[in-house]
Amino acid sequence: MCARGRYSFPGGVHPPEKKDLTSDRRIQPGPTITEVAVMLSQHLGAVCKPLVRKAQAVQVGQKIGESDAYVSAPIHSPINGKVKDIALRSHPVVGRSPAIIIEALPYHPTRRSYFTIEEDFNTDRYSVERICEAVREAGIVGMGGAGFPTRVKIEPNPRLPKHTLIINGCECEPYITCDYRIMLEWTRQIVAGVRLARKASGCARAFIAIEDNKPEAIELMDAAVKKYAYGDNIQVIPLKTKYPQGGERQLIKAVLNRNVPTGGIPPMIGVVVLNVATTAAIAEAVIGHLPLTHRVVTVSGEAIARPGNYYVPIGTSVEDLLEFCEGVTERCAKVVLGGPMMGIAISDLKTPTMKTTNAVTFLTKEQIGRAKFARRQTACIRCGRCLQACPENLNPTKIAHAVKHNLLDVAERYYMSACIECGCCSYVCPANIELTGYIKTGKIYVARQRKRMAQ
Ligand code: SF4
Ligand code: SF4
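First, a word on scope: everything that follows refers to the structure included in this document. It should be emphasised that the depicted structure is a prediction, and the values quoted were computed from it without experimental measurement.

What about the overall build of the protein?
Then, number 1: The secondary structure content of the protein amounts to 14 helices and 17 strands.
Then, number 2: Taking 455 residues into account, the globule formula puts the C-alpha radius of gyration at 23 Å, and the protein, at 21 Å, falls close to it.
Then, number 3: Judged by the C-alpha coordinates and their principal axes, the protein covers about 60 × 50 × 50 Å.
Then, number 4: Split into buried and exposed, the 455 residues of the protein put 56% on the buried side.
Then, number 5: Within the protein, residue pairs in contact and separated by at least 24 positions form 75% of the contacts whose partners lie at least 6 positions apart.
Then, number 6: On the protein, roughly 20000 Å² of surface is accessible, and the fraction owed to carbon and sulfur atoms is 52%.
Then, number 7: Of the charged side chains in the protein, 59 are positive and 41 negative, and the gap between their average positions amounts to 6 Å.

Given below as C-alpha cells:
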C-alpha cells in the first residue's frame, strides 16, 4: 500500500520530530523497582477510593482502588508487595494527590513479561457485555494522554449510536515513539483489540490512522489487518505528518472530514477514537484477563544518557526510570511528562508514572533556550500566524489578551473553552508571547469561578 498520507486537517505545525533517538529501540523491560506509588486519580472522572489499608499484603493484579461512579476506572497493584502507606504524592495535573504506596517484596520479580497472542482467536467467543465488563474491570483508560475510561467510550448507548471506530496511531508529538514500537512489536494484539472494540461499540467500520512518517508501521499494520481481521471492515489509513494530527477532533476531521461540535464529544457524530496502546490493553484484558498494571513509556530527550522504550509497572517514579537510564547529562534543564508540545514539566522526580504517561522527556538548556517560551517577549505585531496555526480555528491573540486583562467573559466569547491546549499558537508566535499559557490560566480561572458558583 502507498504509505504517503493525503488526509489532514486545517492549521497545525510541523516541529522537529526528534523520534530517531528512540524509534529503533525495541520495547525493553523497565527497572526492577522497590516501591511504586499508584495514584488514586489517574483518569478523567471520579477519583477511586482505596480498597486496601496500611500494612496489607497485595498481589500483582489485585484491585486496590475503585469508585461506584459510572465515569471512573479501578486501579490495580502492579507488583507483589505490602501497602506501605496511603499518602500524598506529586501529581502532574492536580499538584498533589493521594496515592497507594506499595513496597515490593524482596527477591520477588517486579517485571511482567509482555502479553502476546499465540492462538488464533475468534471474537464471536466474546459477547458485547463480556468485552465491556472485562474492559471496566481491567481499569482501562485512554492511554494516549486524555485518560477517559474506555468502557464508557465503547459501551453501546442507544441515545448515541456509533458507526465508526478510529484507532489513533499518529503519535504526532516530538520525541515520543512508544505507540510506534507497539505497532511494530504488538501488531497482532492491536488488531485483536480493534476487533473487540469494534464489536463492543457496534461500529460498522474501523480505521487505523497512522502518520506517514511511520511507513514501517503502516506496512506491518496493513499486513496484519489483511491476515487477522477475518472479514471485519478494518482499514489502515496513512495521514499527513503534522502536529496535532493525533488530537481527537483533528483526527476525525482528517479521516472522515467531519467536525465534532464545539464543546462536544465524538460520539455525538457517531465516532469512537481509541489510542493504539489502549487497543492492545483491550486485547490483554479480554483475551488474557490481565488488568492494566503496566505500560510502555518512552524515555527520551538529548539530556538522558540511555533513551529507550520501557515496559514499566504503573506507579514507577521518574527517579527510578532516570536511574535505570543511567542518569542525565549536566545539560539537563527540564523534565517533562509527555512530549515538549503538550507535556507537563515536573519539579519532583518522585512523581509516579500513570496509565496516561506515554513519555518522560529530558530537555537540555539549549533546547529550552531555543524554545519560544524562554526568549524575550515583545508586543504582538499582528502577523496573524497564531490564527493560521490554530487547528481549532480560534483567535489565540484575542483570547490571551482578554485573559491578561482579566476579561474572562470576553475570552469565553472568543470560545476559550474550545482550545485544546496544543501549543501551536505559542510555537509560531514571532513575538514569543506565551499564548497557550494565558489560555490555560484563563480556563483554570473560569473552572474555579464555575465551581464557586455551583457551591
Ligand atoms: S488557541 Fe488553543 S487550540 Fe488554538 S493553537 Fe493555541 S493552544 Fe492550540
Ligand atoms: S503570532 Fe504572535 S505576534 Fe503574530 S498575531 Fe499572534 S500573538 Fe501577535
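A word on the site of ligand 1
Then, number 1: What surrounds ligand 1 is the set Cys-390, Pro-391, Pro-396, Cys-419, Ile-420, Glu-421, Cys-422, Gly-423, Cys-424, Cys-425, Thr-436 and Ile-439.
Then, number 2: The cavity where ligand 1 resides is the largest cavity.
Then, number 3: Breaking the shell around ligand 1 down by element, the ones donating at least two residues are helix H13 (424-428) and helix H14 (435-454).
Then, number 4: Classifying every residue of the shell around ligand 1 gives nine nonpolar, two polar and one charged.

Description of the site of ligand 2
Then, number 1: All residues adjacent to ligand 2 are Cys-380, Ile-381, Arg-382, Cys-383, Gly-384, Cys-386, Thr-397, Cys-429, Pro-430, Ala-431, Ile-433 and Leu-435.
Then, number 2: Applying the majority rule of atoms within 2 Å of the grid points places ligand 2 in the second largest pocket.
Then, number 3: Residues of the shell around ligand 2, tallied by class, amount to nine nonpolar, two polar and one charged.

Details of helix H4 (residues 187-201)
Then, number 1: The end-to-end C-alpha distance of H4, which contains 15 residues, comes to 21 Å, matching closely the 21 Å that a straight helix rising 1.5 Å per residue would cover.
Then, number 2: Trailing H4 by a residue or two, Gly-202 shows a phi angle of about 75°, which is positive.

Some details on empty space enclosed by the protein
Then, number 1: Per the stated rule, a full pass over the model turns up four cavities of 30 Å³ or more.
Then, number 2: When its volume is computed, the largest cavity comes out at roughly 110 Å³.
Then, number 3: Lining the largest cavity are 15 residues; nearest its centre among them are Cys-390, Leu-394, Cys-419, Cys-422 and Cys-425.
Then, number 4: Put simply, the parts of the chain that give the lining of the largest cavity at least two residues each are helix H11 (396-404), H13 and H14.

The rules behind the values
- Residues numbered from 1 in each chain as written.
- Chains lettered and ligands numbered in written order.
- Predicted model: local features only at pLDDT ≥ 70, side-chain atom pairs only at ≥ 80, totals over all residues.
- Heavy atoms only, no water.
- Helix = DSSP H or I, 4+ residues; strand = E, 2+ residues; numbered from the N terminus.
- Rg over C-alpha atoms; globule rule 2.2 N^0.38 Å.
- Buried < 20%, exposed > 50% of the residue type's maximum accessible area, 1.4 Å probe, protein only.
- Contact = heavy atoms within 4.5 Å.
- Areas by Shrake-Rupley, 256 points an atom, 1.4 Å probe, with all protein chains shown as cover.
- Lys, Arg positive; Asp, Glu negative; His and termini not counted.
- Charge placed at Lys NZ, Arg CZ, Asp CG, Glu CD.
- Near = heavy atom within 4 Å.
- 1 Å grid on protein atoms, 1.4 Å probe; cavity = no way out; pocket = protein on both sides within 12 Å on 5 of 7 lines; lining within 4 Å.
- Sits in = over half its atoms within 2 Å of the grid points.
- Nonpolar A, V, L, I, M, F, W, Y, C, P; charged D, E, K, R; others polar.
- Expected span 1.5 Å × (residues − 1).
- Points joined across faces, edges and corners; volume = space filled by probe spheres on them.

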